[in-house]
Amino acid sequence: MSLKAVLFDMDGVIVDTEPLHRKAYFKTFDELEIAVSEELYTSFTGASTKRVCETLINKFNLNQTREEIAKSKRDYFKDYFYNDEGFDLIPGVRELIQHYYENGIKLILASSATMTTINMVFEKFDLEKYFNGKISGADLKESKPHPEVFLLAAEIAGEPVENCMVIEDSTNGILAAHRAKIFCAAYRSPHSKNQDYTLADMVVSDYEDLQLDKISKYF
């Protein structure tokens, strides 16, 4: 079997920070005394905090600066991150990471999150020791669905793309893996809404299905 490296997305694959971002945003909206509809909030999906703050300032004629609003949201997020009871790793992912690690598979994190958030997650859940490298898409010129982040991850792993596998949960991430010509396993979580798995090479709802003996036929 020639699988040598697994390239993990983070949000929706290792942890689900979306509920924390949501709570932090709505706490910020309350503080700003603005009513943000579900529809407007949904339109922020995948947008940077910077862009969300700009939209709010323009739409609600706010006097606060982009930086002030972003700081407020960040502070709330941090508080939830460390204190929210319900925040944990996605079920089965720690076992899968350990399984690959014990079998000598190189692990690279390739996430669109900022390096600050990546490091917070790695520290809180003690994941550092398993990974050979971490990339934040926030530091790159192009973001998913552009393949850059996964091509770079394969390079850091020191492996040709055909010896790599990507684990993703979003339409953009799956498309990025497809464009990088890397085998992509899509994780369909209970929280994934309206994601398109058409281009994934396989779709799983349980991480046990990604253990090496279960995927050996592909490599």
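For the structure, see preceding data.
Now for a description of the structure that goes with this document. It should be emphasised that the depicted structure is a prediction, and the values quoted were computed from it without experimental measurement. (Residues numbered from 1 in each chain as written. Predicted model: local features only at pLDDT ≥ 70, side-chain atom pairs only at ≥ 80, totals over all residues. Heavy atoms only, no water.)

### A word on the sheet that holds strand β5 (residues 183-187)
Taken in spatial order, the 6 strands make up an open sheet running β3-β2-β1-β4-β5-β6, and their pairing is parallel. Pairing within the sheet leaves two strands with one partner each, and these edge strands are β3 (133-136) and β6 (202-204). Pairwise comparison of adjacent strand axes, ignoring direction, gives a mean angle of 20° for this sheet. Here strand β4 (residues 164-168) runs beside β5; their pairing, made up of 4 bridges, is parallel. Looking at the pairing, Glu 168 lines up with Ala 186 of β5. The strands touched by helix α5 (residues 93-102) within the sheet are β1 (5-8), β2 (106-111) and β4, with β1 carrying the most contacts at an inclination of about 150°. (Pairing = 2+ DSSP bridges. Helix = DSSP H or I, 4+ residues; strand = E, 2+ residues; numbered from the N terminus. Axes fitted to C-alpha atoms, helices over the stretch in contact; angles between N-to-C directions. Contact = heavy atoms within 4.5 Å.)

### Re the side chain of His 99
Positionally, His 99 belongs in helix α5. Beyond its immediate chain neighbours, meaning those up to four positions away, His 99 contacts Gln 211 and Leu 212.

### Some remarks on the side chain of Asp 9
Along the chain, Asp 9 turns up in the loop between β1 and α1 (18-32). On the basis of relative accessibility, which here comes to 5%, the residue Asp 9 falls in the buried class. At a separation of 3.0 Å, a polar atom in the side chain of Asp 9 contacts the side chain of Lys 144. Excluding residues that lie within four positions of it along the chain, Asp 9 makes contacts with Ile 14, Leu 109, Ala 110, Ser 111, Lys 144, Ile 167, Glu 168 and Asp 169. (Buried < 20%, exposed > 50% of the residue type's maximum accessible area, 1.4 Å probe, protein only. Polar contact = N/O pair within 3.5 Å; in protein donor to acceptor, adjacent residues only side chain to side chain.)

### Here's the deal with the pairing of β5
Summarising burial for β5: 5 of the 5 residues are buried, a large majority. Going residue by residue along β5, you find Phe 183, Ala 185 and Tyr 187 tucked away on one face and Cys 184 and Ala 186 tucked away on the opposite face as well. Since β4 and β5 lie parallel, the crossover through helix α8 (residues 171-179) that links them has a hand, and here it is right-handed. Sheet analysis places β5 next to β6, joined by 3 bridges and oriented parallel. Looking across to β6, one finds that Tyr 187 is bridged to Val 204. (Right-handed = clockwise from strand over helix to strand, strands pointing away.)

### Describing the pairing of β2
For β2, a buried count of 5 out of 6 residues is recorded, marking the element as mostly surrounded by other parts of the structure. Relative to β2, β1 runs parallel, the two sharing 4 bridges. Among the inter-strand pairings, Ala 5 is bridged to a residue of β2, identified as Lys 106. Looking at chain direction, β2 and β3 are connected through 4 bridges and run parallel. Residue pairing for β3: Ile 108 is matched across the bridge by Gly 133. A crossover connection joins β2 to the parallel β3 through helix α6 (residues 115-124); in handedness this β-α-β unit is right-handed.

### Digging into unusual backbone geometry
Here the bond from Lys 144 into Pro 145 is cis, since omega is 15°, no more than 30 degrees from zero. Inspection of the secondary structure assignment puts Pro 145 in the loop between β3 and α7 (148-157). Phi angles above zero are rare outside glycine, and Asn 61 is one such case at about 50°. Inspection of the secondary structure puts Asn 61 in the loop between α3 (49-60) and α4 (66-83).

### Looking at the packing of aromatic side chains
The tally for this structure, following the rule as stated, stands at 17 aromatic pairs. Between Phe 77 and Phe 81 the ring centres are 6.0 Å apart and the planes differ by 45°, which places this aromatic pair in the tilted class. Highlighted residues: Phe 77 and Phe 81, both in helix α4, separated by 4 residues, approximately one helical turn. Residues Phe 77 and Phe 81 agree in their burial class; the two are buried. Centroid distance Phe 122 to Phe 131: 4.9 Å. Interplanar angle 55°. Geometry classified as tilted. In this arrangement the basic side chain of Lys 73 is found over the ring face of Tyr 25, its NZ or CZ atom lying 4.6 Å from the centre. Above the plane of the ring of Phe 81 lies Lys 124, whose end atom (NZ or CZ) is 5.7 Å from the centre. (Phe/Tyr/Trp six-rings, centres within 6.5 Å; stacked < 30°, edge-to-face > 60°. Lys NZ or Arg CZ within 6 Å of the ring centre and 35° of its normal.)

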